[in-house]
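This is what each chain is made of:
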Amino acid sequence: QVQLVESGGGLVQPGGSLRLSCAASGFTLVRSYAMSWYRQAPGKERELVAIIISAGGRTNYADSVKGRFTISRDNAKNTVYLQMNSLAPEDTAVYYCNARGGGGIWDGTNYWGKGTLVTVSS
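A brief structural summary. Values in this document were obtained by computation on a predicted structure and should not be read as measured data. (Residues numbered from 1 in each chain as written. Predicted model: local features only at pLDDT ≥ 70, side-chain atom pairs only at ≥ 80, totals over all residues. Heavy atoms only, no water.)

## Points about the sheet that holds strand β3 (residues 18-25)
Right, on to step 1. Here we have four strands laid out as an open sheet, ordered β1-β3-β8-β7, and antiparallel in their pairing. Strand pairing shows two members of the sheet lacking a second neighbour, β1 (3-7) and β7 (69-74), which therefore form its edges. Pairwise comparison of adjacent strand axes, ignoring direction, gives a mean angle of 15° for this sheet.
Right, on to step 2. In terms of strand pairing, β1 meets β3 through five bridges, oriented antiparallel. Residue Val5 lies in a different strand from β3, and its bridge partner there is Ala23. (Pairing = 2+ DSSP bridges. Helix = DSSP H or I, 4+ residues; strand = E, 2+ residues; numbered from the N terminus. Axes fitted to C-alpha atoms, helices over the stretch in contact; angles between N-to-C directions.)

## Remarks on the pattern of salt bridges
Right, on to step 1. Per the counting criterion, the structure on display carries four salt bridges.
Right, on to step 2. Close ionic contact of Asp91 with Arg39 constitutes a salt bridge, the shortest N to O distance being 2.9 Å. Linking Asp91 in the loop between β8 (79-84) and β9 (93-101) with Arg39 in strand β4 (residues 32-40), this pair joins segments that are 52 residues apart in sequence. Here Asp91 matches Arg39 in class, with each residue buried.
Right, on to step 3. One salt bridge in this structure joins Lys66 and Asp63, with 3.2 Å as the shortest N-O distance. (Salt bridge = Lys/Arg side-chain N within 4 Å of Asp/Glu carboxyl O. Buried < 20%, exposed > 50% of the residue type's maximum accessible area, 1.4 Å probe, protein only.)

## Section: the pairing of strand β11 (residues 116-120)
Right, on to step 1. Because side chains alternate across β11, one face comprises the buried residues Thr116, Val118 and Val120, and the other comprises Leu117 and Thr119, none of which is buried.
Right, on to step 2. Here strand β2 (residues 10-12) pairs with β11 via three bridges, running parallel. Each residue of the ladder has a partner; that of Gly10, found in β11, is Val118.

In structure tokens:
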């Protein structure tokens, strides 16, 4: 059974930093197509924040977080991270980890964690 468990959320002041972690079990990152982070703010749709493609390690970011957020992975720990710097109130949301299976080609499977809340406020 695939499980993705996020951690690292919390309350931070504007301008601060947080690092989110997503620990995977029942699923091997090296055999995934991609790992990504999404977020959903109150009253808004879930949006893609960052993605890392397993083959080649290519990354992509939402325009709103470029230059501030960094996605990375540790295959040995089967964990994906999201380093978030220069946080702003508009970054407040529940952050979700997502895994897409399939190796070199996405096989259509999608796995989600339960999310971790990030609140940016003074």
